[in-house]
Amino acid sequence: MKRQKRKTASKKKQGSILGEQTAGSSGPKKKIRSRRDFLRNIGYNVAGLAIVGGGGWYLARSVHAGIVEQDLSRIGNGIPTVVQIHDPQCSLCRALQSEARDALSQLDDDDIQYVVANIRHPDGQALADAHGVPHVTLLLFDGSGKRRGVLSGPNTSESLLVEFKRLIRKSNPG
């Protein structure tokens, strides 16, 4: 007896039988979600959107603040300026930065501004070299950009606050 070969279905038919999408076919049907499913999950969708949106807003604000904080062209713009000569890898620099920000938070933003001169960037190193100071240093400038003081080494926020208030008084006689 001769054995007969069984013909297999064509590839196009096999794809549709298995639910695979092939060229020219519309593919498997999508599950239609009901209004009840949508309403049941809306709280999760809103919470997810709030988290993603809030994270994006925070990131954008942080990046913008970092860019503004490192803008050395703000020196001499009419507002007294504290410039920190800063090395981001130095623990003393980070401690000084924390104390300076704490002191500045007790003053109005319109009275004084804070700028970071990162010595790992050419502009920051050039400013430090021009004033002959190392990192872990604060340079105090009046509104016209004239250097009024240098504070070297770590300081407490209380002592920095006294110096910052003195800078504001010297810059605004009257």
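Residues numbered from 1 in each chain as written. Predicted model: local features only at pLDDT ≥ 70, side-chain atom pairs only at ≥ 80, totals over all residues. Heavy atoms only, no water.

A.B. asks: A description of the overall build of the protein should follow, citing residues and the corresponding values.
C.D. replies: The secondary structure content of the protein amounts to five helices and four strands. Each helix and strand of the protein, ordered N terminal to C terminal, gives the series α-α-β-α-β-α-β-β-α. Going through the 174 residues of the protein one by one, you find that 29% of them count as buried. If you take every contact in the protein between residues at least 6 apart in sequence, the share linking residues at least 24 apart comes to 68%. When the accessible surface of the protein is summed, it comes to about 12600 Å², and 54% of that surface belongs to carbon and sulfur atoms. (Helix = DSSP H or I, 4+ residues; strand = E, 2+ residues; numbered from the N terminus. Buried < 20%, exposed > 50% of the residue type's maximum accessible area, 1.4 Å probe, protein only. Contact = heavy atoms within 4.5 Å. Areas by Shrake-Rupley, 256 points an atom, 1.4 Å probe, with all protein chains shown as cover.)

A.B. asks: Go over the environment of Arg148, please, and point to the residues and values.
C.D. replies: Relative to the helices and strands, Arg148 resides in strand E4 (residues 147-152). Take Arg148: its relative accessible area is 38%, and that puts it in the partly exposed class. Once the C-alpha coordinates of Arg148 and Pro80 are considered, the two residues, 68 residues apart in sequence, prove to be 9.6 Å apart.

A.B. asks: Describe helix H3 (residues 91-104), and please don't skip the residues or the numbers.
C.D. replies: If you check H3, its first and last C-alpha atoms are 20 Å apart, about what 14 residues at 1.5 Å a residue would give, namely 20 Å. Among the residues of H3, Cys93, Leu96, Gln97, Ala100, Ala103 and Leu104 are the ones counted as buried. Taken around the axis of H3, the buried residues stretch over an arc of 130°, which confines them to a single face. (Expected span 1.5 Å × (residues − 1). Arc of directions from axis to C-beta.)

A.B. asks: Break down a negative patch on the surface for me, citing the residues and quoting the values.
C.D. replies: Taken together, the side chains of Asp108, Asp109, Asp110 and Asp111 define an acidic patch exposed on the protein surface. Structurally, the position occupied by Asp109 is in the loop between H3 and strand E2 (113-118). (Patch = residues over 30% accessible without salt bridge, like charges linked within 9 Å, V, L, I, M, F, W, Y side chains within 5 Å. Salt bridge = Lys/Arg side-chain N within 4 Å of Asp/Glu carboxyl O. Lys, Arg positive; Asp, Glu negative; His and termini not counted. Charge placed at Lys NZ, Arg CZ, Asp CG, Glu CD.)

A.B. asks: Kindly report on the pattern of salt bridges, identifying the contributing residues and their values.
C.D. replies: Taken as a whole and judged by the stated rule, the model has three salt bridges. Note that Asp87 and Arg120 form a salt bridge whose closest N and O atoms lie 2.8 Å from each other. Linking Asp87 in the loop between strand E1 (81-86) and H3 with Arg120 in the loop between E2 and helix H4 (122-131), this pair joins segments that are 33 residues apart in sequence. Looking at Asp87, the relative accessible area reads 10%, which means it is buried. Of the charged contacts in the structure, one is a salt bridge between Arg148 and Asp142, with a shortest N-O distance of 2.9 Å. Residue classification places Asp142 among the buried positions, given a relative accessible area of 5%.

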